[in-house]
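Below, each chain spelled out in residue letters.
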There are 2 protein chains.
Amino acid sequence: MATIKDIAKKAGVSITTVSRALNGYSDVNEDTRKKIVETAKLLNYSPNTIARSLVMKKSKTIGLLVSGFIRENAKDNFTIEVMTGVNDYASQTAYDIVLFTTNSSKQREKTYTQLCKERKVDGVIIQGIRTDDPYLDEVIEGEIPCVLVDIPKIGKHAGYVSTDNYAGAWEVGEYLAGLGHTSIGMVNGHEFAFVSQERLKGFKDSLIQKDIKLSDDRISNGDFTEESGGRAALQLLEDNPSTTAIFCASDLMAIGAMTALKSRGYRIPEDISIVGYDNILLSRYVQPGLTTISQDTYGLGYEAAKLLIDMLDHEGEPRKTIVLHELMERDSSAKV
Amino acid sequence: MATIKDIAKKAGVSITTVSRALNGYSDVNEDTRKKIVETAKLLNYSPNTIARSLVMKKSKTIGLLVSGFIRENAKDNFTIEVMTGVNDYASQTAYDIVLFTTNSSKQREKTYTQLCKERKVDGVIIQGIRTDDPYLDEVIEGEIPCVLVDIPKIGKHAGYVSTDNYAGAWEVGEYLAGLGHTSIGMVNGHEFAFVSQERLKGFKDSLIQKDIKLSDDRISNGDFTEESGGRAALQLLEDNPSTTAIFCASDLMAIGAMTALKSRGYRIPEDISIVGYDNILLSRYVQPGLTTISQDTYGLGYEAAKLLIDMLDHEGEPRKTIVLHELMERDSSAKV
DNA sequence: TTGTATGCGTTATCAT
DNA sequence: ATGATAACGCATACAA
């Protein structure tokens, strides 16, 4: 591997000059620069980013910390879409991405911050972390610039990107009420996700507006998995046989609910309307097509990277970015 | 950020001793070690991997080079599953993953090898690269240890993981012939993928065994997209109206074919049997469920990481690893 | 416009 | 068992 030292020797200049020439400084003679660039090419030189990082104290890498990057979750293309967005923006910049993952299974012997500190990432994007994660605060209060996905917390060095989950759920409420439903239930995700809390609030509030009360026995909790959605939906119908519409806080749970209900002989949407949240890939393919709130997941990742890199490169303030959502009406919902 | 220097000062020893103590060398007094470890904790020390990399000439990172990590491809969970496998194995080791991506759109100003050289990755896993990619040879002949996914080429520092595409396609041939089909067509992917070539060969050869000839006008090429699969299938039926079974070289194309055929009034599998390849997530959800060859995609990634890291850590020879495949019979195929 | 010298945080060599 | 010192490859303050 050729170094600037080799170039210097070959070109008969000092390493300082080589460094400056290659980095486009103005105070270097055009002729010497030309010669240097030439010999650099000749020696097939490529800069050693590691050495550069060491002296610059900037690694030009951002960490992408994702939980739920596990086999079982591949169904949910949420993660991959966010990653794609992050990657697309980052690849327009000088930053590379290093992947950190946390299977909840492997007890992490190292905390996030430790991982980040050791690898010297300049900043980090965090996705899929639970609100009860012991390290969440450590991250938000920490020194490492970070952007959270779907966790609305701002710190000294922490911003976030999210969608307006309250508004999205509100729209579902309006929509179902508009279809004439009055006996409505909700399958929510676990309480350790901000989105669960928001979606519940928004849904509840919009129904109240329509004089529909979402009492506690009309709310059943799953944990965002397909299977749990089915279970929760059945529970819901057992407690409230009159229910004609169910809002599920995630598409995966909605799909689980549909499967479970169909197997019990319910027709969708004739007997029960189902609405999901996320607009994952599958929701378009299941039978019937799932009515849901579409989020710009890709945009979530893209904006996260943009926000973080802005914080890094231009000392931008940590802030929030809200990306859009939209109700996608398909065939799983109908007038009562 | 505390460094070993700080620890040395505070503990009243030399940096050499600190380094050795922290790295578990045996030639350091237990008491001094204890003191050093203590003050390290006290100062909230974490090693600077960058400095370490510089002197060790090992970055303990592997590059994950994926093409097709783009928005449109999210459907195809192949990429994400491979990545998950890679990640799962790597996370058991000391290696971190840095993500390189090549949208064919962005003209890469830097070649793969350049990216790898600059970031000083110790090795690289390459996925989704086309056989006509100008840099493929550069990689295989290059000095950087690498493992290719689904490209059966071995070099001095290059191994690969793949499935037996020939055998998989062969089984499809046997299967369709066994169902009584004699008028059979194939929708292949583009020629710049090894898998296309292999799948074609395997399919053709197995049919020959059954005295069924797959003439050229019974082969129509798509480019692995859903839409192209639909187009190719229609073309096929136009040229050979008697066709009763179509083997598509990817599930996505098979799904496109099903959609297109259904829209033309063909019933599947009553009129036409469709078989895919890949067993992507969707294939289980479309109507009818798609018969296909399932590959252990996760295993592909897992084994790739394993092979690469073996090459890195134990100077393992570059070699190949073949992961299993299996015919998944669903409802898109039936007796003629 | 160019060169000298120093340091980034670590590991490794060679003394002691 | 421990410490001085020299690397690793690069950027930069300062001098010339």
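As the structure is a prediction and not an experimental result, all values here were calculated from the model.

About the criteria used
- Residues numbered from 1 in each chain as written.
- Chains lettered and ligands numbered in written order.
- Predicted model: local features only at pLDDT ≥ 70, side-chain atom pairs only at ≥ 80, totals over all residues.
- Heavy atoms only, no water.
- Pairing = 2+ DSSP bridges.
- Helix = DSSP H or I, 4+ residues; strand = E, 2+ residues; numbered from the N terminus.
- Axes fitted to C-alpha atoms, helices over the stretch in contact; angles between N-to-C directions.
- Contact = heavy atoms within 4.5 Å.
- Least-squares fit on C-alpha atoms with pLDDT ≥ 70 in both.
- Near = heavy atom within 4 Å.
- Polar contact = N/O pair within 3.5 Å; in protein donor to acceptor, adjacent residues only side chain to side chain.

Engineer: How do you make sense of the sheet that holds strand E9 (residues 273-278) of chain A when you look at a structure like this?
Structural biologist: One key point about sheets: their strands pair by backbone hydrogen bonds, in either a parallel or an antiparallel sense. Residue and element names in this part refer to chain A. With respect to topology, six strands assemble into an open sheet ordered E7-E6-E8-E9-E10-E12, the strand pairing being mixed. Two strands in the sheet have a free side with no partner beyond their single neighbour: strand E7 (219-221) and strand E12 (325-328). Along the sheet, successive strands turn relative to each other by an average axial angle of 15 degrees, direction set aside. Pairing of strand E10 (residues 291-295) with E12 involves four bridges; the strand directions are antiparallel. When the sheet's bridge partners are listed, Gln 295 is paired in E12 with His 325. Running over the sheet, helix H8 (residues 165-178) touches strand E6 (184-188), strand E8 (245-248), E9, E10 and E12 and is turned about 165 degrees from E9.

Engineer: Would you mind showing me how to read the relation of the copies chain A and chain B here?
Structural biologist: A rotation about some axis, followed by a shift along it, carries one copy of the chain onto the other. For the pair chain A and chain B, the best superposition has an RMSD of 0.1 Å and corresponds to a rotation of 180 degrees with a translation of 0.0 Å parallel to the axis. In symmetry terms, the pair is related by a two-fold rotation axis. Across chain A, the rotation axis passes nearest the C-alpha of Val98(A), at a separation of 2.1 Å. When you check the interface residues of chain A against chain B, 100% turn up at the interface there too, and the contact is symmetric in its surfaces.

Engineer: Just to check I follow, could you spell out the protein's contact with DNA strand D for this structure?
Structural biologist: In the neighbourhood of DNA strand D, 27 residues make up the surrounding shell, with Ile4(A), Tyr45(A), Thr16(B), Thr17(B) and Asn29(B) lying closest. Ser19(A) places a side-chain nitrogen or oxygen 2.9 Å from a phosphate oxygen of DNA strand D. One of the side-chain nitrogen or oxygen atoms of Arg52(A) is found 2.8 Å away from a phosphate oxygen of DNA strand D. Counting residues per element, the surface near DNA strand D draws most heavily on helix H4 (residues 49-56) of chain A, at four residues.

Taken by themselves, the reported measurements are silent on function.
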